[in-house]
Amino acid sequence: MLNSETIKRFIEGVQTDCEDTLLPPENGTEAIGQPIIPFVLVRGTRRTYLERITHQINITYTNGCYDACAVMIRRLIETLIIEVFEQYQISDKIKNKTGDFFYLADLINFTLSENVWNLSRNSKQAFPKLKDIGDKSAHSRRFIAVRDDIDRIRDDLRVVVQEMILLANFN
């Protein structure tokens, strides 16, 4: 005969099992499509975090989470800038006195003015646009990104990501 405590533990166990099966994978999931960043750009970089960020950018766009997409774009740009400076062994140029990396505005300014590489005109024009949408989505209380906001920067993003990955020389 089952007592009420046994039944209660059984029900709680079933609920926990059901909840666990509804959760997404612990390490995230891969994007089904590539609407914003073609995955081929980050494949083979040996940087799994770039691959996961790229998946998240594509997933958030596909699911209509445009502010999240813009913030992840911002994060990817920031990460790629740091990777390039580290590749050229000049990352101290983009750090403050305590060794922390500067904020994105300064990172972009240093990237645009660095003489070690020669950024394309398209990348130079794209960086501020990418920063702007990322900043609005991350920091503006009243700004809510819509699909068109992301669509307008898609080509700029592709140019910057590809150029920065080539400069970072991951291969």
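Scroll up to find the structure.
Now for a look at the structure at hand. (Residues numbered from 1 in each chain as written. Predicted model: local features only at pLDDT ≥ 70, side-chain atom pairs only at ≥ 80, totals over all residues. Heavy atoms only, no water.)

1. Topic: the overall build of the chain
Logical step 1: The helix and strand tally for the chain stands at 6 helices and 0 strands.
Logical step 2: For the chain, the C-alpha radius of gyration of 21 Å lies well beyond 16 Å, the compact-globule estimate for 171 residues.
Logical step 3: Principal-axis analysis of the C-alpha atoms gives the chain an extent of 80 × 35 × 30 Å.
Logical step 4: The proportion of buried residues among the 171 residues of the chain is 37%.
Logical step 5: Here the analysis covers contacts within the chain between residues at least 6 apart in sequence; of these, 66% occur between residues at least 24 apart.
Logical step 6: Carbon and sulfur atoms make up 50% of the accessible area of the chain, which totals about 10,900 Å². (Helix = DSSP H or I, 4+ residues; strand = E, 2+ residues; numbered from the N terminus. Rg over C-alpha atoms; globule rule 2.2 N^0.38 Å. Buried < 20%, exposed > 50% of the residue type's maximum accessible area, 1.4 Å probe, protein only. Contact = heavy atoms within 4.5 Å. Areas by Shrake-Rupley, 256 points an atom, 1.4 Å probe, with all protein chains shown as cover.)

2. Remarks on the packing of helix H3 (residues 66-87) against helix H4 (residues 104-113)
Logical step 1: Where H3 meets H4, the closest approach of the two axes is 10 Å, and the angle between their N-to-C directions is 45°. In terms of axis orientation, H3 runs oblique to H4. Like other packed secondary-structure pairs, H3 and H4 cross with a definite hand, here left-handed. Counting all contacts with H3, which are made through Arg74, Ile77, Glu78, Ile81, Ile82 and Phe85, the residues of H4 involved are Leu104, Leu107, Ile108, Phe110 and Thr111.
Logical step 2: When the residues that make up the contact of H3 with H4 are grouped by side-chain class, the tally is 8 nonpolar, 1 polar and 2 charged. (Axes fitted to C-alpha atoms, helices over the stretch in contact; angles between N-to-C directions. Parallel < 35°, antiparallel > 145°, perpendicular 65-115°, else oblique. Left-handed = near helix turned anticlockwise from the far one by under 90°. Nonpolar A, V, L, I, M, F, W, Y, C, P; charged D, E, K, R; others polar.)

3. Quick look at the side chain of Asp135
Logical step 1: Its place among the elements puts Asp135 in helix H5 (residues 121-139).
Logical step 2: On the basis of relative accessibility, which here comes to 16%, the residue Asp135 falls in the buried class.
Logical step 3: Apart from the residues lying within four places of it in its own chain, the contact partners of Asp135 are Arg74 and Ser140.

4. Observations concerning the nonpolar core
Logical step 1: Grouped together as the largest cluster of nonpolar side chains are 43 residues, with contacts concentrated most on Ile57, Ile73, Ile77, Ile81, Ile150, Val161 and Met164.
Logical step 2: A total of 12 residues in this core trace back to one element, the largest contributor, which is H3.
Logical step 3: Contacts of Ile77, omitting those with residues within four sequence positions, involve Leu104, Phe127, Leu130, Leu157, Val160 and Val161. (Core = buried A, V, L, I, M, F, W, Y, C linked by side-chain atoms within 4.5 Å.)

5. Overview of the environment of Lys93
Logical step 1: Among the structural elements, Lys93 can be located in the loop between H3 and H4.
Logical step 2: In this structure Lys93 comes out as partly exposed when scored by relative accessible area, which is 40%.
Logical step 3: A sequence separation of 18 residues divides Lys93 from Thr111, and the C-alpha atoms of the two residues are 9.9 Å apart.

6. Some remarks on the packing of helix H2 (residues 48-62) against H3
Logical step 1: Packing of H2 against H3 leaves a shortest axis separation of 8 Å and a crossing angle of 160°. With respect to H3, the axis of H2 lies roughly antiparallel. When you trace H2 past H3, the crossing you get is left-handed. From H2, Tyr49, Leu50, Ile53, Thr54, Gln56, Ile57, Thr60 and Tyr61 reach across to H3, where they touch Tyr66, Ala68, Cys69, Met72, Ile73, Arg75, Leu76, Thr79, Leu80 and Glu83.
Logical step 2: Its residues assigned to classes, the contact of H2 with H3 shows 12 nonpolar, 4 polar and 2 charged.

In short, geometric facts, not functional conclusions.
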